[in-house]
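Each chain is listed here by its residues.
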Amino acid sequence: MTYLAAAERYDRMTYRRCGASGLELPAVALGLWQNFGHGRPLDTSRAIVRRAFDLGITHFDLANNYGPPYGSAEENFGRLMEQDLRPYRDELVISTKAGYDMWPGPYGDRGSRKYLLASLDQSLKRLGLDYVDIFYSHRFDPETPLEETMGALDTAVRQGKALYAGISSYSPAKTQEAAAILRELGTPLLIHQPSYSLLNRWIEDGLLDVLGELGVGCIVFSPLAQGMLTDKYLNGIPADSRAAQHGSLSPKLLSDDALARIRALNEVAARRGQSLAQLALAWTLRDARVTAALIGASSVAQLEANVASLERLDFSPDELAEIDGYAVDSGINIWAASSRE
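Predicted model, so just to flag it, every value in this text is computed and none were measured.

Caption draft 1: Molecular detail of the state of the cysteines. Per the stated rule, a full pass over the model turns up zero disulfides. Considering cysteine sulfurs only, cysteine 218 is the nearest to cysteine 18, which forms no disulfide, with 9.0 Å between them. Under the relative-accessibility criterion, cysteine 218 is labelled buried at 0%.

See the structure below:
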């Protein structure tokens, strides 16, 4: 059945300018990290992606090793592009990244020119695209000169394989250096993608200030702390949850102290007429320097509930003060090593 996008899709979404650039992004973007690999039915992924676009989500975020298995999220999104979204390509912002392990040997990981440009070529093949809108250095690599990594991003843009350059999980100091190198090369840094949530507030210690000063956009990933900031874990760890699978979310992170704070935040959300997830998403967007929040979704209903967070973005000073009492760093930033360099 031929897909026809909802005519009112742009009336349903809030868009924010990405830093000082001319690009506007939806305040909620869809990430295809763990729910769009070959282990999930393609029809489920199709329903989520279609509904996302119908709700005004124009930005779809991938990486070379998203899946599982590696590469499968890009392959599946490529199928959806060909079957459903091809007529809307110029209405979409599609991003991908390289920086973590992707294939064996010394050229399938980190930040070398060899790896980044080879990975981008592979990603474009999987996606069935001539270019992506944003190509990211997925993490800072202390073993590669920053000039080499940023030079690869500049080359990707000059080759027409990416329209914009981005970085992810870089420290404030390295972000400044990266932006300066790219500016000198003539390819401005568009956007930074850091982790950020009520339980992971590291970007408030300098990075947001740097991004604001540089005019660089900020799209935050894991704003729900891999599901910790949802109602899923309020009463323990369900057998079918991510924490129970002993993957990227360790059950050790769901300590008694963390759960007590999560339950308190849930009470604040209830008083606001929101779910805990909706509160968590709205809170990350309270700062104008944050362009967008990047969500995952395993169902259409979950997607719709998260997008509904945009209906209540206002916070009173008293609410923010109460939230600050519970929203403390909880040792959940598994990407911290990249931003410590």
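Caption draft 2: Main features of the pairing of strand S3 (residues 28-31). Because side chains alternate across S3, one face comprises the buried residues Val28 and Leu30, and the other comprises Ala29 and Gly31, equally buried. One ladder, built from three bridges, connects S3 with strand S10 (residues 292-295); its direction is parallel. Among the inter-strand pairings, valine 28 is bridged to a residue of S10, identified as alanine 293. Where S3 lies against strand S4 (residues 59-61), two bridges are found, and the strand directions are parallel. Of the residues in S4, the one forming a bridge with glycine 31 is aspartate 61. Following the backbone out of S3, through helix H1 (residues 42-54) and into the adjacent parallel S4, one traces a crossover that is right-handed.

Caption draft 3: Quick look at the packing of helix H5 (residues 172-185) against helix H6 (residues 207-214). One way to put it is that H5 packs onto H6 with a least axis distance of 9 Å and a crossing angle of 20°. Classified by the angle their axes make, H5 and H6 are roughly parallel. By crossing handedness, the relation of H5 to H6 is classed as right-handed. Each of Pro172, Thr175, Gln176, Ala179 and Arg183 in H5 lies in contact with H6, whose residues at this interface are Leu207, Val210, Leu211 and Leu214. Of the residues that constitute the contact of H5 with H6, the class distribution is six nonpolar, two polar and one charged.

Caption draft 4: Expanded view of the packing of H1 against helix H2 (residues 72-85). Axis separation between H1 and H2 bottoms out at 10 Å; the angle between their running directions is 60°. If you check the angle between H1 and H2, you find them oblique. Crossing geometry of H1 relative to H2 is assigned as right-handed. Across the interface between the two elements, Leu42, Ser45, Arg46, Val49, Arg50 and Phe53 of H1 pack against Asn76, Phe77, Arg79, Leu80, Gln83, Asp84 and Leu85 of H2. Here the residues of the contact of H1 with H2 sort into six nonpolar, three polar and four charged.

Caption draft 5: Looking closely at the environment of aspartate 209. Tracing the chain through its elements places aspartate 209 in helix H6. Measuring from C-alpha to C-alpha, the distance between aspartate 209 and proline 172 comes to 8.5 Å, with 37 residues separating the pair along the chain.

Caption draft 6: The arrangement of helix H3 (residues 113-127) in detail. An ideal rise of 1.5 Å per residue puts 21 Å on 15 residues; H3 measures up with 21 Å between its terminal C-alpha atoms. When H3 is considered as a whole, its buried residues turn out to be Tyr115, Leu116, Leu117, Ser119, Leu120, Ser123, Leu124, Arg126 and Leu127. On the buried face of H3, the contacting elements are H2, strand S5 (93-98), strand S6 (132-137) and helix H4 (146-158). Phi for glycine 128, located one or two positions after H3, is positive at around 70°.

Caption draft 7: Representation of the side chain of threonine 284 within the structure. With respect to the helices, strands and loops of the structure, threonine 284 is situated in helix H8 (residues 276-284). A distance of 2.8 Å separates a polar side-chain atom of threonine 284 from the backbone oxygen of leucine 281. In this structure, threonine 284 is in contact with Tyr196, Ser197, Val220, Pro223, Val290 and Ala293, ignoring residues within four places of it in sequence.

Caption draft 8: Fine view of the sheet that holds S10. Taken together, eight strands build a closed barrel; the order of strands is S3-S4-S5-S6-S7-S8-S9-S10 and the barrel is parallel. Across the sheet, the mean angle from the axis of one strand to that of its neighbour is 30°, orientation sign disregarded. Sheet topology places S5 next to S6; four bridges connect them, and they run parallel. Paired with alanine 98 across the bridge in S6 is serine 137.

Basis of the calculations
- Residues numbered from 1 in each chain as written.
- Predicted model: local features only at pLDDT ≥ 70, side-chain atom pairs only at ≥ 80, totals over all residues.
- Heavy atoms only, no water.
- Disulfide = S-S within 2.5 Å.
- Buried < 20%, exposed > 50% of the residue type's maximum accessible area, 1.4 Å probe, protein only.
- Helix = DSSP H or I, 4+ residues; strand = E, 2+ residues; numbered from the N terminus.
- Pairing = 2+ DSSP bridges.
- Right-handed = clockwise from strand over helix to strand, strands pointing away.
- Axes fitted to C-alpha atoms, helices over the stretch in contact; angles between N-to-C directions.
- Parallel < 35°, antiparallel > 145°, perpendicular 65-115°, else oblique.
- Left-handed = near helix turned anticlockwise from the far one by under 90°.
- Contact = heavy atoms within 4.5 Å.
- Nonpolar A, V, L, I, M, F, W, Y, C, P; charged D, E, K, R; others polar.
- Expected span 1.5 Å × (residues − 1).
- Polar contact = N/O pair within 3.5 Å; in protein donor to acceptor, adjacent residues only side chain to side chain.

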